[in-house]
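Here are the chains, one letter per residue:
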Amino acid sequence: MRRSPKDTLESARRISRRTLVIGGLQAATIATLALRMRFMQVEQADEFRLLAEENSIKIRLLPPARGLILDRNGGVLAGNGQNYRVVVTREDAGDVEDILRRLARLIPMTEDDISRTLKEVMRRSPTLPITVADQLRWEDISRVAVNAPALPGITTEVGLSRLYPQGGDFAHVLGYVGPVSDYDLSKIENPDPLLQIPKFQIGKVGVEGRLEEDLRGKAGTRRIEVTSTGRVMRELDRKEGTPGTTLQLTLDRYLQNYVQARLGDESAAAVVMDVRNGDILSIVSAPTFDPNLFVRGISSSDYKALTENDHRPLADKTVQGAYPPGSTFKIVTALAAMEAGVIDAGETVYCPGYTELGNRRFHCWKRGGHGHVALAQSLEQSCDVYYYEVAQRVGIDRIAAMARRLGIGVRHDLPMSAISEGIAPDRAWKLGKYGKEWLIGDTLNAGIGQGYVLASPLQLAVMTARVASGTDVRPRLVRAEDGKPQAAPAPGPLGLSEAALRSVRKGMFDVMNSQRGTAYGSRIVEDSLRMAGKTGTSQVRNITKAERDRGVISNDDLPWERRDHALFVCFAPYDAPEIAVSVVVEHGGGGSAAAAPIARDILLQALYKDLPPLSAYPANQRDRIEAQQKELNLLEREGSQGARSRA
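Residues numbered from 1 in each chain as written. Predicted model: local features only at pLDDT ≥ 70, side-chain atom pairs only at ≥ 80, totals over all residues. Heavy atoms only, no water.

Student: Would you mind showing me how to read the sheet that holds strand β11 (residues 268–274) here?
Tutor: By way of backbone hydrogen bonds, the strands of a sheet pair with one another, either parallel or antiparallel. Across the sheet, 5 strands lie side by side as β12-β11-β21-β20-β19; this open sheet has antiparallel pairing. Two strands close off the open sheet at either side, each with one partner strand: β12 (280–286) and β19 (532–538). Recorded for the sheet is a direction-independent mean angle of 5° between the axes of neighbouring strands. Across the sheet, helix α20 (residues 457–469) touches β11, β12, β20 (565–572) and β21 (579–585), and the angle it forms with β21 is around 150°. (Pairing = 2+ DSSP bridges. Helix = DSSP H or I, 4+ residues; strand = E, 2+ residues; numbered from the N terminus. Axes fitted to C-alpha atoms, helices over the stretch in contact; angles between N-to-C directions. Contact = heavy atoms within 4.5 Å.)

Student: Before we go on, may I ask you to explain the packing of helix α11 (residues 253–263) against helix α23 (residues 591–608) in this structure?
Tutor: The relative placement of two packed helices comes down to the angle between their axes together with the axis-to-axis distance. Contact geometry for α11 and α23: axes closest at 10 Å, N-to-C directions at 160°. Judged by the angle between their axes, α11 and α23 are roughly antiparallel. Here the hand of the crossing between α11 and α23 comes out right-handed. The segment α11 lies against α23, with L255, Y258, V259, R262 and L263 engaging P597, I598, D601, I602, Q605 and A606. Residues belonging to the contact of α11 with α23 are distributed by class as follows: 8 nonpolar, 1 polar and 2 charged. (Parallel < 35°, antiparallel > 145°, perpendicular 65-115°, else oblique. Left-handed = near helix turned anticlockwise from the far one by under 90°. Nonpolar A, V, L, I, M, F, W, Y, C, P; charged D, E, K, R; others polar.)

Student: Would you mind going over the side chain of H587 with me for this structure?
Tutor: Its place among the elements puts H587 in the loop between β21 and α23. A residue is classified by how much of its surface remains accessible, and H587, at 12% relative accessible area, is buried. The contact partners of H587, leaving out residues within four places of it in the chain, are V540, W560, E561, R562, R563, D564 and H565. (Buried < 20%, exposed > 50% of the residue type's maximum accessible area, 1.4 Å probe, protein only.)

Student: Help me understand unusual backbone geometry, please; the structure alone is not making it clear to me.
Tutor: With the exception of glycine, most residues fall at negative phi, and the peptide bonds are largely trans. Residue P287 is bonded to the preceding A286 through a cis peptide linkage, with omega at -5°. For P287, the location among the structural elements is in the loop between β12 and α12 (292–296). In this chain, A572 is followed by P573 through a cis amide linkage whose omega measures -15°. Assignment of secondary structure puts P573 in the loop between β20 and β21. The backbone phi angle of S382 is positive, close to 55°, even though this residue is not glycine. Tracing the backbone through its elements, the reader meets S382 in the loop between α15 (375–380) and α16 (384–394). Judged by relative accessible area, which is 5%, S382 ranks as buried.

If you want it as structure tokens, here you go:
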């Protein structure tokens, strides 16, 4: 059918109207878009430029490698090991709890781990990666990587974590690191930004804690391009941080290992010091613990086992422990008296077994007494009555002054935790502490190292080193920093007369080498290495008159916690002193039986720098010593075949 001209004209008009409408709509849309673009590009340009820069470029901190801690020969005491970990970023994860529960099917995670992570995620910035789990195995990381598409916001990382390859040998002196806590942050006025990184490790106690800022290092940075939701697109550049300072200590790891093994299961402490320059060669508190447990996060059961142990493995007895020094303090009393001129080396005091003061008797350890004794014999046989008399003559103030001169009652400056000052009491101290006047009976007790007097094993080692050298040698623990030697302060003169020192040293020599000496059984028979020492026994309970009348109960018949502490100090070689040692065995009984044999063995180990030859021991002890050496679980020295000759 043919269309009429009228129909054709009407159709053309309709097409023209539709074209105009559509064209008008297109023009309006283009105009609107143009106006909007102009508004965004011109009027909001600055705002969007800032948002674009903030959202597209992020700067993240790179934790530096923690500084190594080495022994005096370069052996690693505290290092860094690879640590595989998994982190979550809230902005990328969406439903964090759901993602964590998926993750828990792939790696070891408990409900507590999930709750802890959720709490931490909500406390931190949405773009900050939060550590979910660390110290993972490669197999765990591999499973997470394979399932990455189903785990948005989850990332695997390889970092560094503290590692203590010597286990418990250096636990007390080095301390340990752990995740930074709110309590840690509260103690720091201007915290390093590194400390804001979740689970960042910082030193808690010991050298790790005291020298934290040196060991921590400086953070590095990396610039990354991210999406508006925080997803990493690419790394633009990276600036590595500055590793922490590498510290070389004065300690010898082999000697430390020997001392730890020799103390065994005793509740004890030992300090070995070079009398010539103050280097601490070994400082051991026993029993010990594995500091690696704290790095990984110690379990409740492991921590409970440590805190409930009556031998207190977490306490550092070498510097925190303060004990009545017992008869080792007679060295102080003797020097104070000789320097004051109230007694000389040849004068004798009669010991009937006690001294009477008013209506009270102060007893000697030997019930029948020692008879007439001079200075050397008083040390050799550890006569208490001699020192009751001498202490009264010299007075407590001069005894206390001598104690401080020899290092007791002084807080020594070492990078360790809670170093005890000990107590060198005098009249002013008691008045200030208790508001009471000093009594003569207090002086008698102090003269034999009982009463208010307290000293740490470190202080006893310093005392012995100063007597041996005649100098005010000071203990030190850091030998070098980043390979740069730290000069030991040159010891100055002690200010004591050589005659007084010679007399006391002679008495200490007789303790070891005279058949009547209290430690004759623990002597060294090698002539060039003869040692000098002093035994000590400090009471931890009061002995009543009734018990003395019946006979004092033997330590062996008492519960462990009521037995006396055993102490011993020594140095060698006698003619040219090199090494000083102090040993305290808590509730060990007598110093001659419990502490002296340990100290002698340690001293020989330090002098020979390896297991000493059996010829250094008395002949009747060699079989026992040989068996003992075989039983000790010691580090094997690189390239060592048997005992080394002394340098």
